[in-house]
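# Geometric and topological summary
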Amino acid sequence: MSKKQSPVNYYRITLQWGIFVLLIYMLIRPLLDTSYSPDFEAYCPFGGMQSLASYFSVHSLACSMTTVQIALGITLILAVVLFSKLFCSYLCPIGTFTEWMGALGRKAKMQITLKGNTDRLLRISKYVLLFITFYFTVTSSELFCRKFDPFYAGFTGFSGDVVLWYAIPAMVLTIVGSFFIRHFWCKYLCPLGAITNIAVYAFPAATITLLWVLLTNVAGLIIPWPWLLGTLCVMAYVFEATTLKFFIFPSLRVTRNDDLCTHCRICDKKCPMAIQISTVETVDHIDCHLCVDCIVKCPEKGALTINKRNLSWLPAVATVILTAAAITIATYYELPTISENWGDINGKNVQVVRMDGLKNIKCFGSSRSFANHMKEIPGIVGVETFVKHHSVVVYFDKTIIGEEAVKEAIFSPLSELLNFKGKVTGKVSFVKLGIDRCFDPNDQFYLGELLRKDKGIYALSTRFGEPVQATIYYDSSLTDENNIRKAISLESLIMGEGKDQTSVKTGFAVNEAGITRGEMPASEFLSMFIPTTDVAFNNYESYAEDKMFVYELPFKQAADPEMQKWMPFLVSHASNDDGIVRIQTSFTESGPVIKIWFVDSMTTVEKINSVLNSPEFLIHYPDKSVKRIKNPFKFLI
Ligand code: SF4
Ligand code: SF4
């Protein structure tokens, strides 16, 4: 018998390390490229399967899942039926990590393999987790697995949707469990492992599913989908626990040639799933994921093969081809995250608008709020959103609303103060210009942040147009139009500081058509950007106009955006004087003013002055409680 040259399973190690190198690259790239934000779920087949279930039951994809994850999920199932549990064996980062933990445990001679009833009983846990995860994902369209998934928690640093009370125990169980117990996560906890096992029992699983479809769609019975999922889980668990083999897949199996086998039992020891290979002719154990470690490590050439042929390369090659095919197909076809219509989208007057590059369409939640907004627009009859390309498709009845008006309804105008520090008299300069690639609310925010870096720029407002029409307000003694153009044309925006610093590619362009420039009184600018106060109280309506007087004072702080939050406190405090019945602020050519309406038979200007400049405000709360706060204002009396 000729001996094998190498006991190393290069097929598997290459793919497993390839995944880890990719993940490490995703982790460290943001340190070098602050505009890059890693998506550790971009290729998660489990998320894709949950999302597909969500799509069939409520016509929406979960979270930020796209066709890529769905295609990988479907491919994973196909791979189980055609080949084996290839994802588990060659790609799953948790599987690889727990295997490394297991190797450490074995080295320390502290690892056991659970057997008998304990093993059988614990195997039910992964089906319970699968049921819970699918149930909550489909009913909420949010990926429930994110709350506890050790992979997601580990790579996001326990941030995002992670729930610490779920994720920390799951992480500890995965690490400690895998150290002490052989393949603890894969055998007992992994919900994806539970799905792949259901696929291994593809024939009974398909029969149960077909029966459910017939009963619900043909016989008209109402059997909610959780009953189908529950039945599939119970079926797979019973088969797994009782080692029943009933038309089981996959079609590729490890086979042992007893004539060549020397019964050295190396394969039994080397099998990561602790399968007793040396006692069977064909390995049809539910835990086998065709890693081919046994074949590679068997010292007798030809004693172990796949389907009695030298095909040990096939699982790894199939893994690469299937994964590449799934990703390629998914790039050509994208399922909508939301597909909703509340009118007849096939009507003869219905037309379609598609808009791309809407960065705020990034998940199920943002798609949902977009659809809700569109429902309020008369004439719009349906929407589809595609989060991968940040696109929307809007169906509208052209007899009710035009294409331009639909685009305007999609547009969210912005009105934002940037560096305004309380200029209250004189003139404010402005320039109105069209800006390309600035339709999305995120882009308008980034534009505002670019402009904010110039301390002479007061504010930005946008309105719909193609290109988007922006008005930039500035102090001509501090900056000018050239600086504004330079700020707009910057290629990227740096936000945050230190380790929180990120960079965003911007790429806005000023459209030279129809630029207008001018000046406006500061009072007009203030009226556009800063809210005024006008509150009546103390039975204001009961007094005739000629019984009331107005006491007007300059009030510069009315133009300070930071002071706006204190205005309700001023009103509450002033109401302690029964003679004060109304407070107004306004912006005039000579500066901001406060007008205090009072009844002269009940109070006096002196009393009002002492109310306004009292060291403390006495505030009344809706629950009738009263509190004192320091007077935040200063009145020039
Ligand atoms: S199949 Fe190979 S490794 Fe397993 S017992 Fe036989 S000779 Fe040993
Ligand atoms: S039986 Fe062989 S192929 Fe299957 S899991 Fe064990 S070592 Fe891997």
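Residues numbered from 1 in each chain as written. Chains lettered and ligands numbered in written order. Predicted model: local features only at pLDDT ≥ 70, side-chain atom pairs only at ≥ 80, totals over all residues. Heavy atoms only, no water.

## Things to note about the side chain of serine 278
Put simply, the rule is: Strands here mean DSSP runs of E at least two residues long; helices mean DSSP runs of H or I at least four residues long; both are numbered from the N terminus. Burial here depends on accessible area, computed with a 1.4 Å probe over protein chains only, as a share of the maximum for the residue type. Under 20% is buried, over 50% is exposed, and the range in between is partly exposed. Whenever a nitrogen or oxygen atom comes within 3.5 Å of another N or O atom, the pair is scored as a polar contact, on the condition that within protein one atom can donate a hydrogen and the other can accept it, and that pairs from neighbouring residues in sequence are kept only if both atoms are in side chains. Residue contacts follow a heavy-atom distance rule, with two residues in contact if any of their heavy atoms lie within 4.5 Å.
As for its position among the elements, serine 278 is in the loop between α14 (266–270) and β2 (282–283). Classification of serine 278 by relative accessible area gives buried; the value is 7%. Within the local environment of serine 278, its side chain forms a polar contact with the side chain of aspartate 268, the two groups lying 2.5 Å apart. The residues contacting serine 278, other than those within four sequence positions of it, are Arg256, His263, Arg265, Cys267 and Asp268.

## Digging into the site of ligand 1
This is how the line gets drawn: A cutoff of 4 Å decides nearness: a residue is near a molecule or strand if any of its heavy atoms lies inside that distance of it. Throughout, the ten residues Ala, Val, Leu, Ile, Met, Phe, Trp, Tyr, Cys and Pro are labelled nonpolar, Asp, Glu, Lys and Arg are labelled charged, and all others, Gly among them, are labelled polar.
The local shell around ligand 1 holds 13 residues, among which Cys261, Cys264, Arg265, Cys267 and Cys298 are the closest. The residue makeup of the shell around ligand 1, split by class, is 7 nonpolar, 3 polar and 3 charged.

## Looking at a nonpolar patch on the surface
Quick reminder of the rule: Residues enter patches when their relative accessible area tops 30% and they take part in no salt bridge; the joining distance is 9 Å for like charges and 5 Å for the nonpolar side chains Val, Leu, Ile, Met, Phe, Trp and Tyr. Shrake-Rupley sampling with a 1.4 Å probe provides the accessible areas, and residues are treated as covered by the protein chains on show and by no other component. Just to be clear on terms, a salt bridge is a Lys or Arg side-chain nitrogen sitting within 4 Å of an Asp or Glu carboxyl oxygen.
A surface patch of nonpolar side chains, about 650 Å² in accessible area, is lined by Val8, Tyr10, Ile13, Trp17, Val21, Phe97 and Trp100. Of all the elements in the fold, those that place two or more residues in the nonpolar patch are α1 (10–32) and α5 (93–107). Ranked by the residues each element gives to the nonpolar patch, the list is headed by α1, at 4 residues. Tracing the backbone shows phenylalanine 97 in helix α5. Residue phenylalanine 97 is classed as partly exposed on the basis of its relative accessible area, which comes to 31%.

## Observations regarding the packing of helix α3 (residues 67–82) against helix α16 (residues 314–332)
Heads up, the rule is: With axes taken as lines fitted to C-alpha atoms, and helix axes fitted only over the stretch in contact, angles between N-to-C directions fall between 0 and 180 degrees. Working rule for handedness: look at the near helix, and if it is turned counterclockwise from the far one by less than a right angle, call the crossing left-handed; if clockwise, right-handed.
Interhelical geometry of α3 versus α16 gives an angle of 145 degrees and a closest axis separation of 8 Å. The interaxial crossing formed by α3 with α16 has right-handed handedness. Here α3 contributes Thr67, Val68, Ala71, Leu72, Thr75 and Ala79 to the contact with α16, which in turn contributes Leu322, Thr323, Ala326, Ile327 and Ala330.

## Some points on the sheet that holds strand β17 (residues 580–588)
Spelled out, the test is: Should DSSP find at least two bridges between two strands, the strands are regarded as paired.
Judged by pairing direction, the sheet is antiparallel, and its 4 strands sit side by side in the order β15-β17-β18-β16 without closing on themselves. Edge positions in the open sheet fall to β15 (534–536) and β16 (548–554), since each of these has one partner strand only. Neighbouring strand axes in the sheet, compared pairwise and without regard to direction, differ in orientation by 20 degrees on average. In the sheet, β15 pairs with β17 via 3 bridges, with the strands oriented antiparallel. Residue pairing across strands places alanine 536 opposite arginine 582, the latter belonging to β17. Of the strands in this sheet, β15, β17 and β18 (591–599) touch helix α22 (residues 567–574), which is tilted by about 145 degrees from β17.

## Re helix α11 (residues 191–200)
Within α11, 10 of the 10 residues are buried, which leaves it mostly tucked inside the rest of the structure. Those residues of α11 that sit buried are Pro191, Leu192, Gly193, Ala194, Ile195, Thr196, Asn197, Ile198, Ala199 and Val200.

## Remarks on the packing of aromatic side chains
Note on aromatic pairs: each is described by the distance of the centres and the angle between the planes. Condition: Under the pairing criterion, centres of Phe, Tyr and Trp rings, with the six-membered ring standing for Trp, must be within 6.5 Å; the plane angle then separates stacked pairs below 30 degrees from edge-to-face pairs above 60, leaving the rest tilted. Consider the ring centre and the ring normal. A charge sits over the ring if Lys NZ or Arg CZ is within 6 Å of that centre and within 35 degrees of that normal.
A full pass over the atoms with the stated rule returns 28 aromatic pairs. Here the aromatic rings of phenylalanine 151 and phenylalanine 155 are separated by 4.9 Å at their centres, their planes lie at 45 degrees, and the arrangement is tilted. Separated by 4 residues within a single helix, phenylalanine 151 and phenylalanine 155 lie in helix α8 (residues 150–155), roughly one turn from each other. For the ring pair phenylalanine 420 and tyrosine 458, a centre distance of 5.2 Å and an interplane angle of 90 degrees mean the geometry is edge-to-face. Of this pair, phenylalanine 420 sits in the loop between β8 (415–417) and β9 (427–436) while tyrosine 458 is found in strand β10 (residues 457–463), placing the two residues 38 residues apart along the sequence. Of the aromatic side chains, those joined through ring pairs into one cluster are Phe420, Phe430, Tyr458, Tyr473, Phe525 and Phe529. Looking at arginine 582, its charged tip hangs above the ring of tryptophan 597, at a distance of 4.6 Å from the centre.

## Let's talk about the domain arrangement of the protein
Size of an interface, as often reported, equals the accessible area lost when the parts are brought together. Note the following rule: Here the limits of each domain have been adopted from an automatic or database domain assignment.
Considered domain by domain, the protein is made up of domain 1 (253–310), domain 2 (338–410), domain 3 (415–527) and domain 4 (530–630). On a C-alpha basis, the centres of domain 1 and domain 2 stand 57 Å from each other.

## Overview of the sheet that holds strand β14 (residues 509–521)
Think of a sheet as strands paired side by side through backbone hydrogen bonds, with each pair either parallel or antiparallel. Here 5 strands make up an open sheet; going across it, the order is β8-β10-β11-β9-β14 and the pairing antiparallel. Strand pairing shows two members of the sheet lacking a second neighbour, β8 and β14, which therefore form its edges. Strand-to-strand twist of the sheet, defined as the mean angle between neighbouring strand axes without regard to direction, takes the value 15 degrees. Relative to strand β11 (residues 468–474), β9 runs antiparallel, the two sharing 7 bridges. The residue of β11 that forms the bridge with glycine 434 is glutamine 469. Packing of helix α19 (residues 441–452) onto the sheet brings it into contact with β8, β9, β10 and β11, and relative to β10 it is tilted by some 160 degrees. Of the strands in this sheet, β9, β10, β11 and β14 touch helix α20 (residues 481–488), which is tilted by about 135 degrees from β14.

## Quick notes on the site of ligand 2
Taken together, Val254, Cys271, Pro272, Ile277, Val283, Cys288, His289, Leu290, Cys291, Val292, Asp293 and Cys294 make up the full set of residues near ligand 2. Split by residue class, the shell around ligand 2 holds 10 nonpolar, 1 polar and 1 charged.

## Thoughts on unusual backbone geometry
Following glutamate 466, the chain continues to proline 467 via a peptide bond in cis, the omega torsion being 5 degrees. Among the structural elements, proline 467 can be located in the loop between β10 and β11. With a phi close to 60 degrees, valine 292 is a non-glycine residue in the positive phi region. Here valine 292 shows up in the loop between β2 and α15 (293–297).

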